[in-house]
Amino acid sequence: MEKEIDIVALGELLIDFTEAGRSSSGKKLFEQNPGGAPANLLAVAAHMGYRTEFIGKVGTDMHGDFLKKTLKGEGIGIRHLIQDERYFTTLAFVEIDEKGERLFSFSRKMSADTQLCESELDWELLKKCKIFHFGSLSLADEPARTATIAAVKAAKAAGAVISYDPNYRASLWRNEKSAVEQMKSVIPFVDMMKVSEEELVLLTEMEDYHQAAAQILAWGPKLLAVTLGSEGVLIAMAQEQEKIAGFKVQVVDTTGAGDSFWGGLLSEYLRKSKNLQELTWDEVKSCAIYGNATAALCVQKRGGIPAVPQKGEVELFIKTRDK
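What counts as what
Residues numbered from 1 in each chain as written. Predicted model: local features only at pLDDT ≥ 70, side-chain atom pairs only at ≥ 80, totals over all residues. Heavy atoms only, no water. UniProt positions renumbered as here; feature names shortened; annotations may be inferred. Helix = DSSP H or I, 4+ residues; strand = E, 2+ residues; numbered from the N terminus. Rg over C-alpha atoms; globule rule 2.2 N^0.38 Å. Buried < 20%, exposed > 50% of the residue type's maximum accessible area, 1.4 Å probe, protein only. Contact = heavy atoms within 4.5 Å. Areas by Shrake-Rupley, 256 points an atom, 1.4 Å probe, with all protein chains shown as cover. Lys, Arg positive; Asp, Glu negative; His and termini not counted. Charge placed at Lys NZ, Arg CZ, Asp CG, Glu CD. Polar contact = N/O pair within 3.5 Å; in protein donor to acceptor, adjacent residues only side chain to side chain. Expected span 1.5 Å × (residues − 1). Salt bridge = Lys/Arg side-chain N within 4 Å of Asp/Glu carboxyl O. Pairing = 2+ DSSP bridges. Axes fitted to C-alpha atoms, helices over the stretch in contact; angles between N-to-C directions. Phe/Tyr/Trp six-rings, centres within 6.5 Å; stacked < 30°, edge-to-face > 60°.

The name given to the protein in an unreviewed UniProt entry is Carbohydrate kinase, with Hominifimenecus microfluidus as the source organism. One UniProt comment on the protein, placed under Sequence similarities (unreviewed entry), says "Belongs to the carbohydrate kinase PfkB family."

**Student:** I'd like a description of the overall build of the protein, backed by residues and values.
**Tutor:** Secondary structure assignment for the protein yields ten helices and 13 strands. Against the compact-globule benchmark of 20 Å for 323 residues, the protein has a radius of gyration of 18 Å, which places it among compact chains. Here the C-alpha coordinates of the protein stretch approximately 55 × 45 × 40 Å along the principal axes. Buried residues in the protein amount to 57% of all 323 residues. Residue pairs in contact within the protein that sit at least 24 positions apart in sequence constitute 70% of those at least 6 positions apart. Entry remark: accessible area of the protein is about 13900 Å², with carbon and sulfur atoms responsible for 49%. Computing the positive centroid from 39 side-chain charges and the negative centroid from 46, the protein places the two 2 Å apart.

**Student:** An account of helix 5 (residues 176–185) is requested, with residue identities and associated values reported.
**Tutor:** Turning to helix 5, its buried residues number three or more, namely Ser178, Ala179, Val180, Gln182 and Met183. Where helix 5 is buried, its residues contact helix 4 (144–157), strand 9 (161–165) and helix 6 (197–204). Backbone nitrogen of Lys177 and a side-chain oxygen of the N-cap are separated by 3.3 Å at the start of helix 5; the cap is Asn175.

**Student:** Run through helix 8 (residues 257–272), naming residues and quoting values.
**Tutor:** Since one α-helical turn is 3.6 residues long, residues separated by three or four positions face the same way. Its 16 residues place the ends of helix 8 23 Å apart at the C-alpha level, agreeing with the 22 Å of an ideal helix rising 1.5 Å per residue. With 14 of 16 residues buried, helix 8 lies mostly within the body of the structure.

**Student:** Lay out the pattern of salt bridges with the relevant residues and their values.
**Tutor:** The tally for this structure, following the rule as stated, stands at 23 salt bridges. Across the salt bridge formed by Lys130 and Asp6, the nearest N and O atoms sit 3.2 Å from each other. Pair noted here: Lys130 is in strand 8 (residues 129–135) and Asp6 is in strand 1 (residues 5–10), with a separation of 124 residues, a long-range link. Residue classification places Lys130 among the partly exposed residues on the basis of a relative accessible area of 33%. Of the charged contacts in the structure, one is a salt bridge between Glu120 and Lys57, with a shortest N-O distance of 3.0 Å. Placement of Glu120 in the loop between strand 7 (102–107) and helix 3 (123–127) and of Lys57 in strand 4 (residues 52–59) is noted, with a sequence separation of 63 residues between them. A residue is classified by how much of its surface remains accessible, and Glu120, at 30% relative accessible area, is partly exposed. One network of salt bridges, in which partners are shared, links Lys57, Asp84, Arg86 and Glu120.

**Student:** So what about unusual backbone geometry? Which residues, and what values?
**Tutor:** Residue Pro143 follows Glu142 across a cis peptide bond; omega there is 5°. With respect to the helices, strands and loops of the structure, Pro143 is situated in the loop between strand 8 and helix 4. Although it is not a glycine, Asn167 adopts a positive phi angle of roughly 50°. With respect to the helices, strands and loops of the structure, Asn167 is situated in the loop between strand 9 and helix 5. Of the residues examined, Asn167 reaches a relative accessible area of 12% and is grouped as buried.

**Student:** How would you explain the sheet that holds strand 13 (residues 241–244) if you had to name every residue and give the values?
**Tutor:** The strand order 5-4-1-8-9-10-11-12-13 describes an open sheet built from nine strands, whose pairing is mixed. Every interior strand has two partners, whereas the edge strands, strand 5 (81–84) and strand 13, have only one. For this sheet, the mean angle separating the axes of adjacent strands, direction not counted, is 15°. Relative to strand 13, strand 12 (residues 233–236) runs antiparallel, the two sharing four bridges. For Leu234, the partnering residue across the bridge sits in strand 13 and is Lys243. Running over the sheet, helix 9 (residues 281–298) touches strand 11 (223–227), strand 12 and strand 13 and is turned about 30° from strand 13.

**Student:** Could you give me a rundown of the packing of aromatic side chains, with the residues and numbers involved?
**Tutor:** Describing an aromatic ring pair means giving the distance of the ring centres and the angle of the ring planes. In total, this model carries seven aromatic pairs according to the counting rule given. Ring plane angle 15° and centroid distance 5.2 Å describe the contact between Phe17 and Phe93, whose orientation is recorded as stacked. Within this pair, whereas Phe17 is found in strand 2 (residues 14–22), its partner Phe93 is found in strand 6 (residues 91–96), the two being separated by 76 residues in sequence. The exposure class assigned to Phe93 is partly exposed, which follows from its relative accessible area of 35%. Here the aromatic rings of Phe134 and Tyr164 are separated by 4.7 Å at their centres, their planes lie at 20°, and the arrangement is stacked. Linking Phe134 in strand 8 with Tyr164 in strand 9, this pair joins segments that are 30 residues apart in sequence. Among the residues examined, Phe134 registers a relative accessible area of 0% and is labelled buried. Take Tyr164: its relative accessible area is 0%, and that puts it in the buried class. Of the aromatic side chains, those joined through ring pairs into one cluster are Phe17, Phe30 and Phe93.

What follows is the structure, encoded as structure tokens:
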């Protein structure tokens, strides 16, 4: 079967109410920004010219309508975005410190994205994607957990490359032990995986990044990226590990930085039209550099999807920084 869709992503689609100054009376103002890690990633791929589809659920409220309109405007496929009148769209309130780092507060209990059901999945779509991407937030609650695992297995069986970003948010899990168990449970199905420094230590209980990366690769993935903030990324495969330096920029908001990095890396991987095992190490590094450049442009603006750069911006950024 022809793989008609480049990337299908399943998971949360939400509103990031991002801190945006203060009112005349001194109260904090929050800006309505579309977000959610899987959607952020698809926005990158869509901007790079790839065919994308989103699987998830929002409410029939004003926020769900806004998110649906936003995805359509970004060129992301929305045939499998469900609006359900029984549930509200997930909300995240984001404070930003002087370094651009974030503090989250969520309104998500029984929200729409946690209520995606296995029976609502389109099995034909899952057979038609080159890459299937998901995160761990859809594993935190039922019925979305069962739906996510079923989708992963179906895409894997159909020959898709499975991409995974744990994207750990402590407040959305019952406890740390439960989170780690669920996040680790799906790793054997994964081909390409991205983790933060915190997630790497959390999942492996190892402080040495190189040893921890080797441990995750031993669980199944063929490629691992460990994002290191402004320092760049550690890329690891079975026989190679290397730190790829990040680009130095003025940081405004780190929302979506990891998603932009991973979306950039996956986009560059697709451009090469090779299986993972066929990539040379230089080609792997070029994917990481493309991801770093995409993230560097993202953090110079506020919000998730609104900060995603265009293809021409990324290519010009890399070209001018190479001089």
